[in-house]
Amino acid sequence: MRPFFLSSDTSVIGYVFICALAYQYRSVMKFHMKKCDSQMSIEDAFEILNRYKVVKIVVEERGVQVFRKVAIAGQKAIDIINCFDLESEFEKVSCLNSV
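Scoring rules and cut-offs
Residues numbered from 1 in each chain as written. Predicted model: local features only at pLDDT ≥ 70, side-chain atom pairs only at ≥ 80, totals over all residues. Heavy atoms only, no water. Helix = DSSP H or I, 4+ residues; strand = E, 2+ residues; numbered from the N terminus. Buried < 20%, exposed > 50% of the residue type's maximum accessible area, 1.4 Å probe, protein only. Areas by Shrake-Rupley, 256 points an atom, 1.4 Å probe, with all protein chains shown as cover. Expected span 1.5 Å × (residues − 1). Salt bridge = Lys/Arg side-chain N within 4 Å of Asp/Glu carboxyl O.

Enquirer: Outline the overall build of the chain, listing residues and values.
Expert: Looking only at helices and strands, one finds 4 helices and 3 strands in the chain. When the helices and strands of the chain are read in sequence order from the N terminus, they spell out α-α-β-β-α-α-β. By the burial criterion, 19% of the 99 residues in the chain qualify as buried. About 7900 Å² of surface is accessible on the chain, with carbon and sulfur atoms providing 57% of the total.

Shown next as C-alpha cells:
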C-alpha cells in the first residue's frame, strides 16, 4: 500500500476496506481462471474485461432497450467469456418500461 494522507479514522478504515475488497475480487477471479485451466494472467483478464462495452442502446416510446454485445475480438476474449460464463450476459436484452 502506498502512503495516502487520510485525515480521519473513517477514511483509513474505508481505504483498507476497498483494498481488501479489491484483493478478494482478484482472488475469486484467479480461482475461476484456475478452475477452467486458463493460462492467461489475471492482468490480461482485467484488461480484456475492461474493454467490454454496451454497443447499442435503442430508445423507443415504450422504453429503453439495451443490447449487450462483445465489443472485443480474439481468442483471449473468447477464453474469458467462456471461463466466467459471460456469454449469456452479452446476449441478454434488457427492456425498461419508462424512459
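That shown, we press on.
Enquirer: I'd love a proper account of helix H1 (residues 9-35), names of residues and values included.
Expert: Within an α-helix, residues lying three or four positions from one another point in the same direction, as the helix has 3.6 residues per turn. Over its 27 residues, H1 extends 39 Å from the first C-alpha to the last, a length consistent with the 39 Å expected when each residue adds 1.5 Å. One or two steps after H1, the chain reaches Asp-37, where phi turns positive at roughly 55°.

Enquirer: Any details on the environment of Asp-44? Residues and values, ideally.
Expert: Along the polypeptide, Asp-44 turns up in helix H2 (residues 42-50). Under the relative-accessibility criterion, Asp-44 is labelled partly exposed at 27%. For the pair Asp-44 and Ala-77, spaced 33 residues apart in sequence, the C-alpha separation works out to 9.6 Å.

Enquirer: Provide a residue-level description of the pattern of salt bridges, including the pertinent values.
Expert: Under the counting rule described, the total for this entry stands at 2 salt bridges. The partner of Arg-26 in a salt bridge is Glu-43, with the nearest N and O atoms 2.8 Å apart. A residue pair is termed long-range when its members are at least 10 positions apart, and Arg-26 in helix H1 and Glu-43 in helix H2 qualify at 17 residues. For Glu-43, a relative accessible area of 46% translates into the label partly exposed. Note that Lys-76 and Asp-44 form a salt bridge whose closest N and O atoms lie 3.3 Å from each other. Remark: Asp-44 occurs in helix H2 and Lys-76 occurs in helix H3 (residues 75-83); sequence separation between them is 32 residues.

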